[in-house]
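# Structural overview for review
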Amino acid sequence: TWGDPLAGGASSTVTTQLQSGVLHIAAARSAFFAFKATTRAMVVWGYHKDGGDASAVSAQLSSGVTFVAHTFTAVAAIKEDGSVVTWGKAGDGGDSSAVQAQLHDVVEIFASSKAFAALTSTGGVVAWGRAAYGGQVPADKVSALSSGVVSIAHTDRAFAALKNDGSVVVW
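Residues numbered from 1 in each chain as written. Predicted model: local features only at pLDDT ≥ 70, side-chain atom pairs only at ≥ 80, totals over all residues. Heavy atoms only, no water.

A word on the environment of Ala117. Residue position: Ala117 is located in strand β8 (residues 115-120). With 66 residues separating them in the primary sequence, Ala117 and Gly51 have C-alpha atoms 17 Å apart. (Helix = DSSP H or I, 4+ residues; strand = E, 2+ residues; numbered from the N terminus.)

Right under this line is the structure:
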C-alpha cells in the first residue's frame, strides 16, 4: 500500500495478514478490505471514521465473508450464511441492530452515501441508515418491497427496486 496513511496508504498494522492468500481487495472512501482465499476472512485497514476500524466486529469477519458494501462512513459485509455484519458510523448504516432480525438470507447489499438496502433470497428488501438517504422504507412501500425484487439501483440519496413483474419501486 502507498499514499495518504490516513486513507489506507499505510497498512503496517495488518502487514502480516496481507503477505499471502489475498483473493480480492475492495475499497471505500478511505479504507480497504482484503478478502482471504482460504478462510474468506476480511482484513480491514484505513481511516477509522470511514470504516477502516472493524475491531469491534473482527471476530465476525474472521471467516465466511463473501461481499462488502459501504456508505461514506459505514460498512456492511455479507457472510456465507446470508447474515450481515455492520460497523462504522451508526447513523449512516454502521448500526443495523434495528433490522438485524430481518437480515438473513441476504444475497446482495447496495449503499447510498448514508444508508444500505439489502436484497434477500426471497426478493425482499431491508433498509437501514439515514432515512433521508433511503435508510427507511416508507410505510406505503413496505408491502411492495417484501418480495419479488430482482435488483436494486441507487443514487447518493435514493434507491430504486426492479420487481420481477417489470415494475419499479423507489424510495
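Still more to cover.
This brings us to the sheet that holds strand β5 (residues 74-79). With antiparallel pairing, three strands are arranged side by side in an open sheet as β4-β5-β6. Strands at the two margins of the open sheet, each flanked by one partner only, are β4 (65-70) and β6 (84-88). Averaged over neighbouring strand pairs, the angle between their axes works out to 20 degrees when direction is ignored. Bridge analysis of β5 against β6 gives five bridges, and the strand direction is antiparallel. In the strand pairing of β6, Ile78 is matched with Val84. (Pairing = 2+ DSSP bridges. Axes fitted to C-alpha atoms, helices over the stretch in contact; angles between N-to-C directions.)

Here strand β1 (residues 22-27) runs beside strand β2 (residues 31-36); their pairing, made up of five bridges, is antiparallel. Directly across from Ile25, in β2, lies its bridge partner Ala34. Taking the residues that link successive antiparallel strands as the turn, the β1-β2 hairpin has three residues.

The three strands are arranged β10-β11-β12 in an open sheet whose pairing can be described as antiparallel. Bordering the open sheet on either side are β10 (149-154) and β12 (168-170), each of which pairs with just one other strand. Averaged over all pairs of adjacent strands, the angle between strand axes in this sheet comes to 20 degrees, irrespective of strand direction. Examined bridge by bridge, strand β11 (residues 159-163) and β12 share three bridges and lie antiparallel to one another. Note on β12: the bridge partner recorded for Ala161 is Val169.

Vacant regions in the atomic arrangement are exposed by a probe of water-molecule size rolled over the atoms. What the largest pocket holds in volume is close to 290 Å³. Together, 17 residues line the largest pocket, and Gln102, Gly124, Val125, Val126 and Leu145 are the ones closest to its centre. No other element matches strand β9 (residues 125-129), which puts three residues into the lining of the largest pocket. Grouping the constituent residues of the lining of the largest pocket by class yields seven nonpolar, nine polar and one charged. Roughly 220 Å³ of volume is contained in the second largest pocket. Surrounding the second largest pocket, 14 residues form its lining, Gln17, Met42, Val43, Val44 and Ser58 being those nearest its centre. It is strand β3 (residues 42-46) that provides the largest number of residues to the lining of the second largest pocket, a total of three residues. Residues that form the lining of the second largest pocket fall into these classes: seven nonpolar, five polar and two charged. (1 Å grid on protein atoms, 1.4 Å probe; cavity = no way out; pocket = protein on both sides within 12 Å on 5 of 7 lines; lining within 4 Å. Points joined across faces, edges and corners; volume = space filled by probe spheres on them. Nonpolar A, V, L, I, M, F, W, Y, C, P; charged D, E, K, R; others polar.)

All we've got here are geometric facts, nothing functional implied.
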